[in-house]
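# Tertiary structure, described
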Amino acid sequence: MKKILLIILFSTNLLFGQEYFEGIITFKTEITTTEFASEKLQENLEYNYGDILKVFYKKNGSFIRKYLNTGEYGNNYQIYFNDTGELLITTKGNNKIDTLDVTKNSLKLIEKSIVNNKETIMDLKCDCIIYSSLNERKENVTLEFCYSSNVTELDPNRFQKHNDYFLNNYFSLSKRPYLKFRLKTKELELTFTATEITEKKLTENDLTEK
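Conventions we followed
Residues numbered from 1 in each chain as written. Predicted model: local features only at pLDDT ≥ 70, side-chain atom pairs only at ≥ 80, totals over all residues. Heavy atoms only, no water. Disulfide = S-S within 2.5 Å. Helix = DSSP H or I, 4+ residues; strand = E, 2+ residues; numbered from the N terminus. Buried < 20%, exposed > 50% of the residue type's maximum accessible area, 1.4 Å probe, protein only. Salt bridge = Lys/Arg side-chain N within 4 Å of Asp/Glu carboxyl O. Phe/Tyr/Trp six-rings, centres within 6.5 Å; stacked < 30°, edge-to-face > 60°. Lys NZ or Arg CZ within 6 Å of the ring centre and 35° of its normal. Core = buried A, V, L, I, M, F, W, Y, C linked by side-chain atoms within 4.5 Å. Contact = heavy atoms within 4.5 Å.

## Let's talk about the state of the cysteines
A covalent bond between the sulfur atoms of two cysteines is what we call a disulfide. The full count for this structure, using the stated rule, is one disulfide. Note that cysteine 128 is cross-linked by a disulfide to cysteine 146, the S-S spacing being 2.1 Å. Disulfide cysteine 128-cysteine 146: torsion about the S-S bond near 105°, hence right-handed. Taken together, the residues span a long stretch of sequence, with cysteine 128 in strand β8 (residues 124-134) and cysteine 146 in strand β9 (residues 140-147) at a distance of 18 residues. The thiol of cysteine 126 is unpaired, and the distance to the nearest cysteine sulfur, on cysteine 146, comes to 6.3 Å. Judged by relative accessible area, which is 0%, cysteine 126 ranks as buried.

Take a look at the structure:
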């Protein structure tokens, strides 16, 4: 698995006419459930998502999400290929790799709004883009992405194929990595809030460090 990750991150070294963000953003993970949730939903979410998320961005538009402190068979990595629009999903404890086609959006947009200066994250004033939507079961899903104009830009064109969860639309509007992502449904609220931003050229050692 380590070899696959290294190939994805480091085999393509494209030249860019503009400096775009490359590096690592570390998030704290917060999970809450409501009275509508099943008895073990909170426990299952904590098992799968852990309490820390690291997102590794390459300038070419590919990225890797690394989940820390998950359960024995919880989430491990999610790897996005910007050229194909595929997301590879791996879990701990097995060698199975699942593939998700994120060129298709699993949500139907109902309403989109932008709130300026909604909150401050790491002493950075952030605007937020909020998507109100319905999933395939016609249940309400709210997604919120918050970003700061003081963070180095990403190239939004390199995320065009990531339609799922409106990620390509978010990047086209913000042109920056998000510092907060919140998913809210009737049963749960899952929030990732940035605690550290490391802008750097990624090396092979970055994935193996906690």
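Having put the structure on the table, let's press on.
## Digging into the pattern of salt bridges
A side chain with one charge may pair with a side chain of the opposite charge, provided their charged atoms come close. Applying the stated rule across the entire model yields 11 salt bridges. A salt bridge links lysine 59 to glutamate 19, with the nearest nitrogen and oxygen atoms 2.7 Å apart. Taken together, the residues span a long stretch of sequence, with lysine 59 in the loop between β2 (52-57) and β3 (63-68) and glutamate 19 in the loop between α1 (2-10) and β1 (23-33) at a distance of 40 residues. Given the relative accessible area of 58%, glutamate 19 is considered exposed. Notably, a salt bridge pairs glutamate 144 with arginine 182, separated by 2.7 Å at the nearest N-O pair. Highlighted residues: glutamate 144 in strand β9 and arginine 182 in strand β10 (residues 180-184), separated in sequence by 38 residues. Look at glutamate 144 and you get buried, because its relative accessible area is 1%. In the salt-bridge network here, residues are joined through shared partners; they are Lys118, Glu119, Glu144, Lys180, Arg182 and Glu189.

## Here's the deal with the packing of aromatic side chains
Within the structure shown, the criterion is met by 18 aromatic pairs. Ring geometry for phenylalanine 63 and phenylalanine 159: centres 6.4 Å apart, planes at 25°, overall stacked. Of this pair, phenylalanine 63 sits in strand β3 while phenylalanine 159 sits in the loop between β9 and α3 (167-174), and the two are 96 residues apart along the sequence. Residue phenylalanine 63 is classed as buried on the basis of its relative accessible area, which comes to 2%. Judged by relative accessible area, phenylalanine 159 falls into the buried class, the value being 1%. With centroids separated by 4.8 Å and ring planes inclined at 5°, the aromatic side chains of tyrosine 131 and phenylalanine 166 adopt a geometry described as stacked. Placement of the pair is tyrosine 131 in strand β8 and phenylalanine 166 in the loop between β9 and α3, with a sequence separation of 35 residues. On the basis of relative accessibility, which here comes to 1%, the residue tyrosine 131 falls in the buried class. In this structure, lysine 186 is placed above the aromatic ring of phenylalanine 36, and the distance from its NZ or CZ to the ring centre is 4.5 Å.

## Thoughts on the nonpolar core
Ranked by internal contacts, the top residues of the largest apolar core, which has 42 residues, are Phe27, Tyr57, Leu143, Phe145, Tyr170, Tyr178 and Leu179. Setting aside chain neighbours within four positions, we find tyrosine 170 in contact with Ile129, Tyr131, Phe145, Cys146, Tyr147, Lys175, Arg176, Pro177 and Tyr178. By size, the runner-up hydrophobic cluster in this structure holds eight residues, among which are Phe56, Ile64, Ile79 and Leu202.

## Considerations on unusual backbone geometry
Even without being glycine, asparagine 117 reaches a positive phi, approximately 50°. Topologically, asparagine 117 is positioned in strand β7 (residues 108-121). Its identity as a non-glycine residue notwithstanding, aspartate 123 has a phi of 65°, on the positive side. Structurally, the position occupied by aspartate 123 is in the loop between β7 and β8.

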